[in-house]
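# Architecture and fold: a report
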2 protein chains.
Amino acid sequence: MKRVRVLIRPKKGLLDPQGRAVKEMLEEQGFKVGNVVVGKMVELDLEDGEDVRSLVERFIVNPLIEDYEIEET
Amino acid sequence: MKRVRVLIRPKKGLLDPQGRAVKEMLEEQGFKVGNVVVGKMVELDLEDGEDVRSLVERFIVNPLIEDYEIEET
């Protein structure tokens, strides 16, 4: 088995209301904050030969509205 | 500014219903899947001197029920 980490972000240009909310809240608290992105992380143990990209695109992310990054460890 | 990534997981031993749902769904689809964790990712641009750990514990995670990891890039 291999451990796979998928990092998922709202596609650039699409709304990220959670990110905006976190940024505004931190600024109200007095912090200087640049861009904030709130996304998801999914970690899975998969078989060594598994086609991770295909599995992720079919079942884990919505490629229409999400970008993703796969890290294998 | 520095870019900070916070990876957030349900604390070990606490329920991760999303992770369980993903695992079961993939197994129904015929995949062999080990442990699955569904968590969150928050990326923030913060000032260089910022005490990231304190900010994260006060405003981003709930340390009672979540574990987290900070990656600075």
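Residues numbered from 1 in each chain as written. Chains lettered and ligands numbered in written order. Predicted model: local features only at pLDDT ≥ 70, side-chain atom pairs only at ≥ 80, totals over all residues. Heavy atoms only, no water.

## What to know about the packing of aromatic side chains
Applied cut-off: Any two of the Phe, Tyr and Trp rings considered here, Trp counted by its six-membered ring, make a pair once their centres fall within 6.5 Å; the pair's planes then place it as stacked at under 30 degrees, edge-to-face at over 60, or tilted in between. The secondary structure listing takes helices from DSSP runs of H or I that are at least 4 residues long and strands from runs of E that are at least 2 residues long, numbered from the N terminus.
One pass over the full model with this rule turns up two aromatic pairs over all chains. Seen from their ring centres, F31(A) and F59(B) are 5.7 Å apart, and the 75 degrees between their planes marks the pair as edge-to-face. Here F31(A) is found in the loop between α1 (17-28) and β2 (33-46), whereas its partner F59(B) is found in helix α2 (residues 52-60) on a different chain.

## Topic: the interface of chain A and chain B
Quick reminder of the rule: The contact definition used throughout considers only heavy atoms, calling two residues in contact when any of these lie within 4.5 Å. Summed over both partners, the accessible area lost on bringing two parts together, with a 1.4 Å probe, is the buried area. Here, a salt bridge means any Lys or Arg side-chain nitrogen found within 4 Å of an Asp or Glu carboxyl oxygen. Each polar contact in these results corresponds to two N or O atoms within 3.5 Å; when the atoms are within protein, one needs to be able to donate a hydrogen and the other to accept it, and residues that are neighboring in sequence are counted only if both atoms are side-chain atoms. Charged means Asp, Glu, Lys or Arg here, nonpolar means Ala, Val, Leu, Ile, Met, Phe, Trp, Tyr, Cys or Pro, and polar covers whatever is left, Gly included. Only when DSSP finds a minimum of two bridges between them are two strands counted as paired.
On the chain B side, the residues contacting the 34 residues of chain A number 34 residues. Roughly 2700 Å² is buried in total at the junction of chain A and chain B, and carbon and sulfur atoms are behind 59% of that figure. Of all residues in chain A, the largest losses of buried area upon contact with chain B belong to F31(A), M41(A) and F59(A), amounting jointly to 21% of the total for that side. Linking chain A with chain B are six salt bridges. Ionic pairing is found between R5(B) and E69(A), a salt bridge with its closest N-O pair at 3.8 Å. Connecting chain A to chain B are 14 residue pairs in polar contact (both at pLDDT 80 or more). Secondary structure elements with two or more residues in the side of chain A that touches chain B: β1 (2-10), α1, β2, α2 (52-60) and β3 (66-72) of chain A. The element best represented in the side of chain A that touches chain B is β2(A), accounting for 14 residues. Among the residues forming the side of chain A that touches chain B, the class breakdown is 18 nonpolar, four polar and 12 charged. As judged from the 11 bridges shared by β2(A) and strand β2 (residues 33-46) of chain B, these two strands associate in the antiparallel manner. Among the inter-strand pairings, E43(A) is bridged to a residue of β2(B), identified as V37(B).

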